[in-house]
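Spelled out, the chains give:
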Amino acid sequence: MTPENVPTSVPASVTESGTRVAVVTGAGSGIGAATARALAADGFHVVCAARRVERIAEVAAEISGTAVACDVTDADSVAALAQACGPVVHVLVNNAGGAFGNDPVESADPEQWKQMFDVNVVGLLRVTQALLPALRASGDALIVTLGSVAGRVVYENGAGYVAAKHGAKAVTQTLRLELCGEPVRISEVAPGMVHTPEFSLVRYGGDQSAADAVYDGVPDPLVAEDIAETVRWIASLPAHVNVDELVVRPRAQAANHKVHRVTQD
Ligand code: 8X3
């Protein structure tokens, strides 16, 4: 399969064969792309959803999946995603998210906070609402929220992102209560320091040296594949096993503020 001929909706043959379908938002790069690959390797037909069509087409081509252009901040776009996924979805990974800005509360930009809330919290709501009927229809579903250690502990200059990730955690925990008794597992994976090409670059508005400094001297920060493996593992567990939440950090990060760095002479 080449990026040019990847399907943009789940082929009927996939549904008819009973192949399990997984949907990953933000699948164009980083943790999302790695998770799409990991789930495909475990036998899922993966719907790669993200705004950047070329990126998801490349990932989907590589794993014989489906590529659906989707902006989780747009209700029509999310409705089109649900339509493209078809009647049955087994796994939803709500990975789309991000941090915008790195300012103290005193001077933070409210527009950036709205953007963060929209993508990290309301986006999670939109996609979950749209796909719940198909998830229920599977008879054995899993929803994974990609949260963050920022949803656990606050830190200076991060309040907007911290608030959004606390929000994502609250939505996830509430959903677990509301769906109790239904065949839907609800999990949150909360990564610490993961070195992906884009997360810090976006946070620092494209300032590559500021983004690089986050990981300076840190021996082996996590990589996207480490987090993808935890999602794959959760999805592989029997239907009665619900991993409520999993906090994953690199060995060099004992706590948000406690990071081991090797200094160069
Ligand atoms: C990313 C982890 O420490 O930058 O979600 O908040 S952190």
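None of the values given here were measured: they were computed from a predicted structure.

Student: What exactly am I supposed to notice about the site of the ligand here?
Tutor: Taken together, Ser148, Val149, Ala150, Tyr155, Tyr161, Gly192, Phe199 and Arg203 make up all the residues around the ligand. In the model, an oxygen atom of the ligand is placed 2.5 Å from a nitrogen or oxygen of the Ser148 side chain. Within the complex, the protein chains bury 82% of what would otherwise be the 250 Å² of accessible surface of the ligand. When the residues that make up the shell around the ligand are grouped by side-chain class, the tally is five nonpolar, two polar and one charged.

Student: I tried to follow the nonpolar core on my own but got confused; where do I start?
Tutor: One broad rule of soluble globular proteins: the nonpolar side chains tend to lie buried together. Among the nonpolar cores identified, the biggest contains 39 residues, and Leu39, Val46 and Cys48 are the most heavily contacted of them. Where this core is concerned, the elements lending two or more residues are strand 1 (21–25), helix 2 (30–41), strand 2 (45–50), helix 3 (53–63), strand 4 (91–94), strand 5 (141–146) and helix 9 (224–236). Sorting elements by how many residues they give to this core places helix 2 first, with seven residues. Leu39 has contacts with Ala22, Val24, Phe44, Val46, Val91, Val93, Arg232 and Ala235, leaving out every residue within four places of it along the chain. One finds Ala82, Cys85, Leu92 and Phe100 within the second-largest nonpolar core, a separate group that totals 36 residues.

Student: Before we go on, may I ask you to explain helix 9 in this structure?
Tutor: Turn by turn, an α-helix covers 3.6 residues, leaving residues three or four places apart pointing in a common direction. Taking 1.5 Å per residue, 13 residues should reach 18 Å; helix 9 reaches 18 Å between its end C-alpha atoms and fits that length. Those residues of helix 9 lying buried are Ala224, Ile227, Ala228, Thr230, Val231, Arg232, Ile234 and Ala235. Tucked inside the fold, the buried residues of helix 9 contact helix 2, strand 4, strand 5, strand 6 (184–191) and strand 7 (245–248).

Cut-off values and rules
Residues numbered from 1 in each chain as written. Predicted model: local features only at pLDDT ≥ 70, side-chain atom pairs only at ≥ 80, totals over all residues. Heavy atoms only, no water. Near = heavy atom within 4 Å. Polar contact = N/O pair within 3.5 Å; in protein donor to acceptor, adjacent residues only side chain to side chain. Areas by Shrake-Rupley, 256 points an atom, 1.4 Å probe, with all protein chains shown as cover. Nonpolar A, V, L, I, M, F, W, Y, C, P; charged D, E, K, R; others polar. Core = buried A, V, L, I, M, F, W, Y, C linked by side-chain atoms within 4.5 Å. Buried < 20%, exposed > 50% of the residue type's maximum accessible area, 1.4 Å probe, protein only. Helix = DSSP H or I, 4+ residues; strand = E, 2+ residues; numbered from the N terminus. Contact = heavy atoms within 4.5 Å. Expected span 1.5 Å × (residues − 1).

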